[in-house]
Amino acid sequence: MKPFSYSRAETVADAVAALVANPHAQVLAGGTNLVDLMKYEVIHPEAIIDINPLPMKTIEELPDGGLRIGALASNSAVAYDARVQAQFPLLASAILAGASPQLRNAASTGGNLLQKTRCCYFYDPSTPCNKRAPGSGCAAIGGLTRMHAILGASEKCIAVHPSDMCVALVALDATVEVEGPDGARDIAVCDFHRLPGDAPERDNTLARGELITGVRLERNHFAQHHSYLKVRDRLSYAFGVVSVAATIEIAGTQIADMRVALGGVAHKPWRDQLAEADFAGAPAEEATFQRVADRLLVKAKGQGDNDFKIPLVRKAIVRALRQAASGTPQSQTNKKIQ
Amino acid sequence: MFDQSKVVGLPISRIDGPLKVTGQARYAAEHFEPGMLFGHVVLATIASGRLIAVDVRGAERVPGVIKIYTHENRPKTAYRDSKWKDAVALPGHPFRPLENDRVLFDGQPVAFVVAETPESARDAAALVHMHYTAELTHTDIVAEQHNSYEPPVARMKQFLPPPPRGDAEQAFAGASYKISADYILSGEHHNPMELFAATVRFEGDGAFTIYDKTQGSQNSRDYVCGVFDLDPDKVIVRNDFVGGAFGQALRPKHHLFFAVMASLDLSRSIKVEMSRREMFYLTWRPSCIQTVSLAADTEGNLEAVLHHAVHATSRHEDYQENVANWSGLAYKCDNVKISYEIVKLDLATPGDMRAPGAATGVNALETAMDELAYEIGIDPLDLRIRNFVHRDQNLDKAITSKALHACYREGAARFGWSERSPAPRSMQEGNDLVGWGMASGIWEAMMSKGEAKVRLSADGKVTVSAAASDIGTGTYTILGQIAAEVFDCAIEAVTVDIGKSDLPKTGVEGGSWTAATTGSAVQTAARAVIKSLLTHAQSMEPSPLADVTDEQVEIAEGRLVLESNHQIGIAIADIMAASGLISIEEHAKVGPDMLAMKKYVSYSHSAVFVEVKVDEQLGIVRVTRVVSAIAGGRILNPKTARSQILGGVVMGIGMALHEESAIDHRTGRIMNHNLAEYHIPAHADIHDVDVIFVEEDDDKASPIGVKGLGEIGIVGVAAAVSNAIFHATGKRIRRLPITIDKILESETAE
Amino acid sequence: MEIALERPGSLTCPLALTINGNPYTLDVYPWTTLLDLLRSNLELTGTKKGCDHGQCGACTVMIDGQRMNACLKLAITLDGTAVTTVEGLGTPDDLHPMQKAFVEHDAFQCGYCTPGQICSAVALLQEGHARSREDIRELMSGNLCRCGAYSNITDAIEEVLAKQATDPSHREAAE
């Protein structure tokens, strides 16, 4: 870790001003990712702005029936919140699929949105990495690619986003509330993370000086039919190889509305709304789910070591949709997959 | 001995337990000295090449930095290799930190920073910039196996393959049933939970007390005395508590070298603690390629066994372990050919990791046995029973005891093996294919030379001392039990003093020989105390024990009494008072019975049964049941013994499903050097494990009948898991670990 | 905005927190983690360092009652909090029920991950989400044990959980 200055923000405006004042400043919330990266010498902030004093921990009901989650609400607080469990069980389930109880107690909602990739080359400062050191190259391409992207990768970067929570947020069409030097704005969570393209150093669409203040979830009809299915190399406390967040609104035997978001496959939680729309009215059955999977993976491309992710995620999509359709979401404690 | 034991054989809770559960047990990095300095190592980021320039300017500017050592300014050390060879050294050139500008492996220590605080040392180390000329690296054993060779100097002669017997090739060619396959193990790292560390207290005048993470305090002491020309009488190495090791702490590591080097150079106390990443550049279980060919007649009698193994070593040392010889002795077969080679890779020197050699080689043999059973169409357990052997055919020696039949019988009964439907893919539960697999395990039961001291005080208190180590093995507790048994006292009356180099000579804690060796030494010393006590008793006037020998007496309820009549005897306190003593201390040396060892060889055995549930579409394997039946001689403490086996089973599950040090062969660098991506089993991966210790009396394996349990628990486990996966899915996956991708990409066998 | 670097020339910042019921007023570098503060500065070495990156759980402590990895918490961010470490649960002569259960079930071997396992287990019971062995296994998965004592750890926790369910006084003792 390199020495840095430390300050505590008392107001959101304080934090924004500090971020604007120093391009090398970083906001610190739970610290589970930032402190980790600082110790590995991947990130070297000159200034740490501790936002924990800010009043952003609450989870409140919105007038229209949705929920607003403060950016500092811990992952545990969200996952075990009775309202979240009742209205957005997919989110609770995805959070509980990730990390460990200790990390979930510390990690914040905003921080989880800003989680960095686990690409082993990104994490090793002695290797080229366009995300860590723009223009230095990508050591992952042609290297150990077992955990890397099969969708939306670029010649500059094949890293994946590691979050579980964000996959559910994307499936739930959440809105990220941010505040910056030009005031507050909303960013649809689907537009929050970005594909690497030519600028893999940018994980998201936050502008300089912007701070996440909360996440908004609109009321939906998915609470009965959802599943978060995560496939990983050991049964807990491991980053996903692939994951699927699936929700369906069923009318009779047909799909009225369906959303499928994929984790571990791309630089952002992967979702294809156009494809989803095409299945409105289709029967909620195995054959449809197969077609959904095929459609989502039309452009999937392996890197060699990770070729297996394509058939794997295809099967995981079908399975998660089946779980969702039958109203038997994946348990995050019983590791048997129905 | 211990026939009517009151303490030995009971499930006594660890006597060091209360210190461990309250955080009071202090490990190597947890000692403090006023004015202590802190060191941090800079690691190479290439796997092969030379250092051409070192830039320490940025690092030197970090506040609190005292000195930065590189190969250009390191203090003088011993010149001859012999001074660097520790008790577990290998043929070849021992690694010397900062020896010169050569980089031999990824993560090699190339500089060492000393500072006033650990954070300054760590952060300055990150600012040391090394410039290299990198050379082409070779780290892939599959690609390099053509360069393998027979080690010109054997590490131990028993690691050399036995001479071929019969004509294995011909028997194989003519047999009714045969299989031949290649088995590949990826490299593994031990990853004990405690980080390697040394705290060196500089005491002046050449004296040091060093707290080191080591499996042998005397090995560390002798190493630093050799390298730095120190007086062994002035150096004490302590390892009171060791946070796991599994073989990785057998040989002294670079942290110890650096700590002592800097302490000597700067005349200050110092602490050096490794990072988790740094521990991926130490000893590892070598990657290994094996070819096993088995043949049998129509009834399943083995007619040929051929086993060829090639494992990795480093550029500078010839690491060797007994991978393949097990195939010549595990089952009865008269046509056997075993060959063994090693291959140099640009990696750190591998080393012993829990059941070194056996975990790798028996895994291949036991997978091959399963393949053969399917080829013949007989039950895998029946195939093993049919080929049971009472002799070691490699050495042509008798085996001291082999209750393996009982392991098969009791293990199979507990598991319910008879309910197994033999065909692959024939057992299903929802989306899960269910598989039942089994394997046998074997490990050499070794006893080495060892010493111990036992002191009995007039008040009945007992002190046991030896330079042994408890690395989680329960050594404190079992030594206390043995002494308590001999002196008929509560274990609370016994103080066990181990983990210090100035105590009676003891070898490194490894190979499962500590209980047999130090346990026997303690028992012998305790009996010597009784003998001495009797001599003093006989000098009393009158003495009711005047005409008896020490074999006729024992201690009961604080008195030295006739074994045949406890009414006749004298209180210990009275004997000592009469002789003006406050305590009696005796020292004992033990070693293997060389005469018996000419005729006998001793092994521990196991049968392990595993149930897996495999979600084939998603490639997920869950190990839902394990029964491990162990024939390991006398069990001194069933509670700690069971834990040893549990640990072996869990590490075996890790070997089967999770563990792999992932190397980018383009650069020769290990890329998953952390506990998030080098997966060891977590709580969720481990269901209940049923451990059975079968009855096994053995009066030759060691004087106290103990065979040792540290290794046997892991042997065969990975094969049992892999065989269960085959039974579940029909997929024979011969490269470990069996990860999701391998399940998905493997074909189902015809 | 509160600027912590109050004293020119000094890199350290003031920090007041409670550890195991004892108040501490300290000056710390902002880059000192809670784990290093405990282990190095305060010589409270019961909390262990196994990875220093939140990947093993050996450093688990309770911060205001919540279990967290001390290695990932910058100490300076904990002003005003109450930290409980393994030293705050019991002593060798007066073991906490969870510590006692760990000894009885041989829920450790080398002992290095043990303080973290115990802090995690105590917090697990307070959280109240574990009802079955399966739940215990999942919710203890943030604590790795290389000696492989997992099933014994589950036994120990299950025993304390069961006692707590049947005897409320035990619950208080356990917390």
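Please read all numbers here as calculations on a predicted model, not as lab measurements.

Caption draft 1: Local environment of the overall build of chain A. For chain A, the count of helices and strands is twelve helices and twelve strands. For 338 residues, the compact-globule estimate of 2.2 N^0.38 gives 20 Å, and the C-alpha radius of gyration of chain A, at 19 Å, lies within 12% of that figure. For chain A, the C-alpha atoms occupy an extent of roughly 60 × 50 × 35 Å along the three principal directions. Counting over 338 residues, chain A shows a buried share of 64%. Pairs at least 24 residues apart make up 65% of the contacts formed inside chain A by residues separated by at least 6 positions. Within the structure as shown, chain A displays about 11400 Å² of accessible surface, and the carbon and sulfur contribution to it stands at 53%. For chain A, the distance from the average site of its 36 positive side-chain charges to the average site of its 35 negative ones is 6 Å.

Caption draft 2: Layout of empty space enclosed by the protein. Residues and elements named next belong to chain B. Under the criterion given, the structure shown has twelve cavities of 30 Å³ or more. Taken as a whole, the largest cavity encloses approximately 330 Å³ of empty space. Surrounding the largest cavity, 21 residues form its lining, Phe95, Arg251, Pro252, Lys253 and Glu317 being those nearest its centre. Class assignment for the residues of the lining of the largest cavity results in twelve nonpolar, five polar and four charged.

Caption draft 3: How the structure looks around the environment of Ala82 of chain A. Residue and element names in this part refer to chain A. Mapping Ala82 onto the fold places it in helix α4 (residues 82–87). The exposure class of Ala82 is exposed, given its relative accessible area of 57%. Considered as a pair, Ala82 and Ala107 are 25 residues apart in the sequence and their alpha carbons are 19 Å apart.

Caption draft 4: Just the sheet that holds strand β10 (residues 240–251) of chain A, in detail. All names here are of chain A. Strands sit in the order β9-β10-β11-β12 across an open sheet of four strands; the sheet is antiparallel. The outermost strands of the open sheet, each flanked by one partner alone, are β9 (226–232) and β12 (270–271). Judged from the seven bridges that link them, β9 and β10 form a sheet pairing that is antiparallel. What sits directly across from His226, in β10, is Thr247. On top of the sheet, helix α11 (residues 286–296) reaches β10, β11 (254–263) and β12; it is set at about 40° to β11, its chief contact.

Caption draft 5: Spatial organisation of the interface of chain A and chain C. In this assembly, 40 residues from chain A lie in contact with 37 residues from chain C. Here chain A packs against chain C, burying approximately 3300 Å² in sum over the two surfaces, 56% of which is carbon and sulfur. Contact with chain C buries area across many residues of chain A, yet Arg8, Gln102 and Tyr237 of chain A alone supply 22% of it, more than any other trio. Between the two partners, chain A and chain C, sit two salt bridges. Among the salt bridges present, the one from Lys335 of chain A reaches Glu138 of chain C, with a minimum N-O distance of 2.6 Å.

Caption draft 6: Structural context of the domain arrangement of chain B. All names here are of chain B. Once the domains are mapped, chain B shows domain 1 (17–24 + 447–591), domain 2 (37–135 + 192–275) and domain 3 (146–188 + 284–446 + 599–745). Computed from C-alpha atoms alone, the centre-to-centre distance between domain 1 and domain 2 is 39 Å. Each partner contributes residues to the interface: domain 1 has 20 residues there, and domain 2 has 20 residues. With both chains or domains summed, domain 1 and domain 2 bury close to 1400 Å², and 52% of this area falls on carbon and sulfur atoms. When the buried area of domain 1 at its contact with domain 2 is split by residue, Ile471, Ser501 and Val508 rank highest and sum to 41% of it. Our enumeration of links across domain 1 and domain 2 arrives at zero salt bridges. In this structure, the connection of domain 1 to domain 2 is made through eleven residue pairs in polar contact (both at pLDDT 80 or more). Its residues assigned to classes, the side of domain 1 that touches domain 2 shows eight nonpolar, six polar and six charged.

Caption draft 7: The packing of helix α15 (residues 638–657) of chain B against helix α5 (residues 150–166) of chain C, seen in detail. For the pair α15 of chain B and α5 of chain C, the least separation of the axes is 9 Å and the interaxial angle reads 120°. By the angle between their directions, the pair α15 of chain B and α5 of chain C is classed as oblique. Here α15 of chain B contributes Arg642, Ser643, Leu646 and Val650 of chain B to the contact with α5 of chain C, which in turn contributes Tyr150, Ser151 and Asn152 of chain C. Partitioned by chemical class, the residues of the contact of α15 of chain B with α5 of chain C number three nonpolar, three polar and one charged.

Caption draft 8: View of helix α12 (residues 309–325) of chain A. Residues and elements named next belong to chain A. Compared with the 24 Å implied by 1.5 Å per residue over 17 residues, the 23 Å span of α12 between its first and last C-alpha is a close match. For α12, the buried fraction is high: 13 of the 17 residues fall into the buried class. Just beyond α12, the residue with positive phi is Gly327, at close to 70°.

Caption draft 9: Local environment of the nonpolar core. With 248 residues, the main nonpolar core has Phe112, Phe487, Leu560, Val612 and Val721 of chain B together with Phe102 and Ile157 of chain C as its most contacted residues. Among the elements that take part in this core, helix α12 (residues 514–538) of chain B stands out by supplying eleven residues, more than any other. Among all residues touching Val721 of chain B, those that are not within four sequence positions of it are Val610, Val612, Val623, Ile653, Ala656 and Leu657 of chain B. Counting residues in each nonpolar core, the second largest holds 54 residues, with Ile59, Val170, Ala174 and Leu206 of chain A among its members.

Caption draft 10: Structural detail: the packing of aromatic side chains. Residues and elements named next belong to chain B. As enumerated under the stated definition, the model contains 23 aromatic pairs over all chains in all. Residues Phe415 and Trp436 carry aromatic rings whose centres are separated by 5.0 Å and whose planes lie at 75° to one another, so their mutual orientation is edge-to-face. Of this pair, Phe415 sits in helix α10 (residues 404–415) while Trp436 sits in strand β18 (residues 432–444), and the two are 21 residues apart along the sequence. In this structure Trp436 comes out as buried when scored by relative accessible area, which is 9%. Residue placement shows Lys213 over the ring face of Phe196; its charged tip is 5.6 Å from the ring centre. Lying over the aromatic face of Phe32, Lys271 brings its terminal NZ or CZ to 4.0 Å of the ring centre.

Caption draft 11: A look at the domain arrangement of chain A. Split by domain assignment, chain A resolves into domain 1 (5–50) and domain 2 (226–325). Taken over C-alpha atoms, the centre of domain 1 of chain A sits 36 Å from the centre of domain 2 of chain A.

Caption draft 12: View of the environment of Leu297 of chain A. All names here are of chain A. Position of Leu297 relative to the elements: it lies in the loop between α11 and α12. The exposure class of Leu297 is buried, given its relative accessible area of 4%. Separated by 33 residues in the primary sequence, Leu297 and Gln330 have C-alpha atoms spaced 22 Å apart. Setting aside anything within four residues of it in sequence, one finds Leu297 in contact with Leu151, Leu262, Ile310, Val313, Arg314 and Ile317.

Caption draft 13: A look at the packing of helix α6 (residues 217–228) of chain B against helix α7 (residues 254–266) of chain B. Residue and element names in this part refer to chain B. Running from N to C, α6 and α7 point in directions that differ by 50°, and their axes come no closer than 11 Å. Relative to α7, the element α6 is oriented oblique. The handedness of the crossing between α6 and α7 is right-handed. Along the contact surface, α6 presents Ser220, Tyr223, Val224, Val227 and Phe228, while α7 presents Leu256, Phe257, Val260, Met261 and Leu264.

Caption draft 14: Here's a closer look at the interface of chain C and chain B. Taken together, the contacts link 51 residues of chain C with 58 residues of chain B. Here chain C and chain B share an interface that buries about 4500 Å² over both sides, 57% of which is from carbon and sulfur atoms. Run the count over chain C and chain B and you get six salt bridges. At the junction of chain C with chain B, the criterion picks out 25 residue pairs in polar contact (both at pLDDT 80 or more).

Quick notes on the rules
- Residues numbered from 1 in each chain as written.
- Chains lettered and ligands numbered in written order.
- Predicted model: local features only at pLDDT ≥ 70, side-chain atom pairs only at ≥ 80, totals over all residues.
- Heavy atoms only, no water.
- Helix = DSSP H or I, 4+ residues; strand = E, 2+ residues; numbered from the N terminus.
- Rg over C-alpha atoms; globule rule 2.2 N^0.38 Å.
- Buried < 20%, exposed > 50% of the residue type's maximum accessible area, 1.4 Å probe, protein only.
- Contact = heavy atoms within 4.5 Å.
- Areas by Shrake-Rupley, 256 points an atom, 1.4 Å probe, with all protein chains shown as cover.
- Lys, Arg positive; Asp, Glu negative; His and termini not counted.
- Charge placed at Lys NZ, Arg CZ, Asp CG, Glu CD.
- 1 Å grid on protein atoms, 1.4 Å probe; cavity = no way out; pocket = protein on both sides within 12 Å on 5 of 7 lines; lining within 4 Å.
- Points joined across faces, edges and corners; volume = space filled by probe spheres on them.
- Nonpolar A, V, L, I, M, F, W, Y, C, P; charged D, E, K, R; others polar.
- Pairing = 2+ DSSP bridges.
- Axes fitted to C-alpha atoms, helices over the stretch in contact; angles between N-to-C directions.
- Buried area = accessible area lost by both parts, 1.4 Å probe.
- Salt bridge = Lys/Arg side-chain N within 4 Å of Asp/Glu carboxyl O.
- Domains from an automatic or database assignment.
- Polar contact = N/O pair within 3.5 Å; in protein donor to acceptor, adjacent residues only side chain to side chain.
- Parallel < 35°, antiparallel > 145°, perpendicular 65-115°, else oblique.
- Expected span 1.5 Å × (residues − 1).
- Core = buried A, V, L, I, M, F, W, Y, C linked by side-chain atoms within 4.5 Å.
- Phe/Tyr/Trp six-rings, centres within 6.5 Å; stacked < 30°, edge-to-face > 60°.
- Lys NZ or Arg CZ within 6 Å of the ring centre and 35° of its normal.
- Left-handed = near helix turned anticlockwise from the far one by under 90°.

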